[in-house]
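Structure assessment
Single-letter residue listing:
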Amino acid sequence: MKTIFVFGDSLSEGLAISPREAWPMLLVEKLRPIGPNFRVINASASGSTTEGGLRRLPPHLEHPIDIFVLELGINDAWRGVSVGQIRTNLQSMIDQVKARNPKVSVVIVGMRFPVATSDAHYMTMFGKMFGELAENNHASLVRYLLEGVAGDPKLNLPDRIHPNAAGHKVLVENVWRVLEPIAREVSRASSRDPNPFGLRDPIKPH
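Just so it is clear, the model here is predicted, and its values are computed rather than measured. (Residues numbered from 1 in each chain as written. Predicted model: local features only at pLDDT ≥ 70, side-chain atom pairs only at ≥ 80, totals over all residues. Heavy atoms only, no water.)

1. Here we look at the overall build of the protein chain
- Of regular secondary structure, the protein chain possesses seven helices and five strands.
- If you list the helices and strands of the protein chain from N to C, you get β-α-α-β-α-β-α-α-β-α-β-α.
- C-alpha atoms of the protein chain, sized along the principal axes, occupy 75 × 35 × 25 Å.
- Looking at the protein chain residue by residue over its 206 residues, the buried ones come to 46%.
- Taking the intrachain contacts of the protein chain between residues at least 6 apart in sequence as the baseline, contacts between residues at least 24 apart amount to 76%.
- Total accessible area on the protein chain is roughly 11100 Å²; 55% of this is exposed by carbon and sulfur atoms. (Helix = DSSP H or I, 4+ residues; strand = E, 2+ residues; numbered from the N terminus. Buried < 20%, exposed > 50% of the residue type's maximum accessible area, 1.4 Å probe, protein only. Contact = heavy atoms within 4.5 Å. Areas by Shrake-Rupley, 256 points an atom, 1.4 Å probe, with all protein chains shown as cover.)

Below you can see the structure in the form of structure tokens.
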């Protein structure tokens, strides 16, 4: 069984909608044509910051992760956390996952600051950070999770910030464009693995 582990905030947890309607769980149907050997774990939590993510991550490292989808950072930006600190925290999470799963494929989910602020430099550096993280870690990049959703009242809750169920159907397409080829490669690699279940060689008697 191959695990896709999604680690994010309310944009991935699915605030105010059914967990099954959130984009990470919509991936399940997308994965069916590729093979039955995938499971999706959505460990996202509303309000999560990158600092909170560092605290939440360790228990999840006890289990194998094949594809790590990281969607955190926007709550830090709302709080004015420096881009350097956000980057450091995200990098630490990536490093921890890679240390336990050397062959893991990493997907960075990019965000933009949703409203104009007086600090245009901060907004620019925050948006660029995700691409730089992806490049430095040889990871794949979803350039902007809310592409086609942000600002559309039909696709968002009344707060105009969080996608509704219809919005999550767009989010899953944004992620799937990047994730599909990775999932296919992971599936092919699994089929080529002579020991797909990670079983150890039987102990031979002396």
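Having put the structure on the table, let's press on.
2. A look at the packing of aromatic side chains
- Following the criterion strictly, the structure yields six aromatic pairs and no others.
- Between W78 and F113, the aromatic rings sit 5.2 Å apart at their centres with planes inclined by 50°, giving tilted as the arrangement. Of this pair, W78 sits in helix α4 (residues 74-78) while F113 sits in the loop between β4 (105-109) and α6 (120-136); the two residues are 35 residues apart in sequence, bridging distant segments of the chain.
- Connected via pairs of aromatic rings, a cluster forms that spans W78, F113, Y122, F126 and F130. (Phe/Tyr/Trp six-rings, centres within 6.5 Å; stacked < 30°, edge-to-face > 60°.)

3. Here we look at helix α2 (residues 23-31)
- All of the buried residues in α2 are W23, P24, L27 and L31. Each buried residue of α2 lies within a common arc of 100° when the element is viewed along its axis, so the set occupies one face. (Arc of directions from axis to C-beta.)

4. Observations concerning the environment of V186
- As for its position among the elements, V186 is in helix α7 (residues 165-192).
- The contact partners of V186, leaving out residues within four places of it in the chain, are K2, F38, D66, I67 and S105.

5. Observations concerning the nonpolar core
- Membership of the largest hydrophobic core comes to 57 residues, with the highest contact counts inside it found for F68 and F126.
- Ignoring sequence-local partners within four residues, the contact set of F126 consists of G73, I74, A77, V83, I86, M111, R112 and F113. (Core = buried A, V, L, I, M, F, W, Y, C linked by side-chain atoms within 4.5 Å.)

6. A look at the sheet that holds strand β5 (residues 140-142)
- Taken together, five strands build an open sheet; the order of strands is β2-β1-β3-β4-β5 and the sheet is parallel. Taken across any chain shown, the strands that pair with only one partner, and hence form the sheet edges, are β2 (38-42) and β5. For this sheet, the mean angle separating the axes of adjacent strands, direction not counted, is 20°.
- Of the strand pairs in this sheet, strand β1 (residues 2-8) and β2 are connected by five bridges, and their pairing is parallel. Each bridged residue has a counterpart across the sheet, and for V6 the counterpart in β2 is N42.
- Running over the sheet, helix α5 (residues 83-100) touches β1, β3 (67-71) and β4 and is turned about 165° from β3.
- Helix-sheet contacts for α6 involve β4 and β5, and the interaxial angle to β5 is about 160°. (Pairing = 2+ DSSP bridges. Axes fitted to C-alpha atoms, helices over the stretch in contact; angles between N-to-C directions.)

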